[in-house]
Amino acid sequence: MRTTRTERPAKPKRLDWRIRLRRDKSLLLMTVPAVVLLLVFNYVPLFGIITAFQEYDPLVGVWHSEWVGFDQFQQLFGDPAFWASLQNTIYLSFVQLILFFPIPIALALLLDSVVSERIRNFFQSVVYLPHFFSWVLAITIFQQMLGGAGVLNQFLRQHSVATWDIMTNPDTFALLVTSQAVWKEAGWGIIVFLAALSAINSELYEAAAADGAGRLRRMWHITLPGLRGVIVLMLVLRLGNALSVGFEQFLIQRDAVGHEAADVLDTFSFYYGVATGGYSYGTAAGLFKSVVSLLLIWGANKLAHAFGEDGLYRT
């Protein structure tokens, strides 16, 4: 008896790169401005990393500045102000991770549960709006509300109650900057989670409701598992930016609460580097932050793979 051999489907023929270039010419031209901006502002400045290993003098330039090797890093690691700013950065990043990260998820779940599309769009616009404010305006609003002459303290004085020092209190500075970040950025952070919620099959909710599952049970067994991949991805990105808690926000409020509470790695690089003319010293601090951030995002991505999620990338 003759046996018939099953034929494997032929692999699709790969188009020549010239054909693909002509086919996608319009799309490629659309990406040119973004690629140029990325190169000019993100990749070309990487050349300046070399100044971390020099005693950079702007009068003679990079090519003629004295090469000092790792002297800048030795000075950096022996500087108590650097370790204090690193400690502040880690502490503030931890506080924002615990208090800020869950809020966009909760807001997305809340908005997704609103039945009326008109009301949902209104609340989306309201919570999106602060993202477009500058940090100067955002902090000014907080100053007008919570400052020494703000609305809250004026109300307390009118009722013979002790005023509440918030904007200049270094002990509550971590909660202050976290609340500012929540007010300004939480609404913008819900966009990704709302997109993930819209991708969940609505038939799953209908089947669960038919089986008698309530709102909380449907959220626990359908919504949250559907968001798990996106949550892990955003958490990986957040951990990768753990040392970038904000520059402008802390720079504006540094004088009000003191450098002991407000100095983070970004402001340290500015004040002890650029502002004092120690460009190589500031570059060394920035390079240290970048290397640690790269290791953090690599480790967080590996941890996501260990839990069975895709994370940011797969090797």
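Residues numbered from 1 in each chain as written. Predicted model: local features only at pLDDT ≥ 70, side-chain atom pairs only at ≥ 80, totals over all residues. Heavy atoms only, no water.

(A) Representation of the packing of aromatic side chains within the structure. Counting across every chain of the model gives 23 aromatic pairs. Measuring from centroid to centroid gives 6.0 Å for Phe-70 and Phe-73, while their planes differ by 50°, and the two rings are tilted. Taking 6.1 Å as the distance between ring centres and 55° as the angle between the ring planes, the aromatic pair formed by Phe-77 and Phe-82 counts as tilted. You can call Phe-82 buried: its relative accessible area is 0%. Ring pairs connect the aromatic residues Phe-53, Trp-67, Phe-70, Phe-73, Phe-77, Phe-82, Trp-83, Phe-268, Tyr-272, Tyr-281 and Phe-288, which therefore count as one cluster. Lys-184 extends its terminal NZ or CZ atom over the ring of Trp-135, reaching a point 5.0 Å from the ring centre. The positively charged end of Arg-254 is found above the aromatic ring belonging to Tyr-271, 3.8 Å away from the centroid. (Phe/Tyr/Trp six-rings, centres within 6.5 Å; stacked < 30°, edge-to-face > 60°. Buried < 20%, exposed > 50% of the residue type's maximum accessible area, 1.4 Å probe, protein only. Lys NZ or Arg CZ within 6 Å of the ring centre and 35° of its normal.)

(B) Spotlight on a negative patch on the surface. A contiguous patch of negative charge, built from Glu-55, Asp-57, Glu-66 and Asp-71, is present on the exposed surface. Tracing the chain through its elements places Glu-66 in strand β2 (residues 66–67). Classification of Glu-66 by relative accessible area gives exposed; the value is 53%. (Patch = residues over 30% accessible without salt bridge, like charges linked within 9 Å, V, L, I, M, F, W, Y side chains within 5 Å. Areas by Shrake-Rupley, 256 points an atom, 1.4 Å probe, with all protein chains shown as cover. Salt bridge = Lys/Arg side-chain N within 4 Å of Asp/Glu carboxyl O. Lys, Arg positive; Asp, Glu negative; His and termini not counted. Charge placed at Lys NZ, Arg CZ, Asp CG, Glu CD. Helix = DSSP H or I, 4+ residues; strand = E, 2+ residues; numbered from the N terminus.)

(C) Quick peek at unusual backbone geometry. Backbone geometry at Ser-160 places phi at a positive 55°, although glycine is not the residue there. Relative to the helices and strands, Ser-160 is located in the loop between α8 (151–158) and α9 (173–198). When its relative accessible area of 71% is taken as the criterion, Ser-160 is described as exposed.

(D) The arrangement of the pattern of salt bridges in detail. Taken as a whole and assessed by the stated rule, the structure comprises four salt bridges. With a shortest N-O distance of 3.1 Å, Asp-24 and Arg-23 are connected by a salt bridge. Exposure remark for Arg-23: the relative accessible area of 53% places this residue in the exposed category. Here Asp-263 makes a salt bridge to Arg-254, at a shortest N to O gap of 2.7 Å. Using a relative accessible area of 11% as the deciding quantity, one classes Arg-254 as buried.

(E) View of the side chain of Gln-253. Here Gln-253 is to be found in helix α12 (residues 248–257). Contacts of Gln-253, omitting those with residues within four sequence positions, involve Ile-139, Met-167, Phe-173, Leu-176, Val-177 and Gln-180. (Contact = heavy atoms within 4.5 Å.)

(F) Summary view of the environment of Lys-302. Assignment of secondary structure puts Lys-302 in helix α15 (residues 279–306). We classify Lys-302 as partly exposed; its relative accessible area is 38%. Between the C-alpha atoms of Lys-302 and Phe-123, which are 179 residues apart in sequence, the distance is 37 Å.

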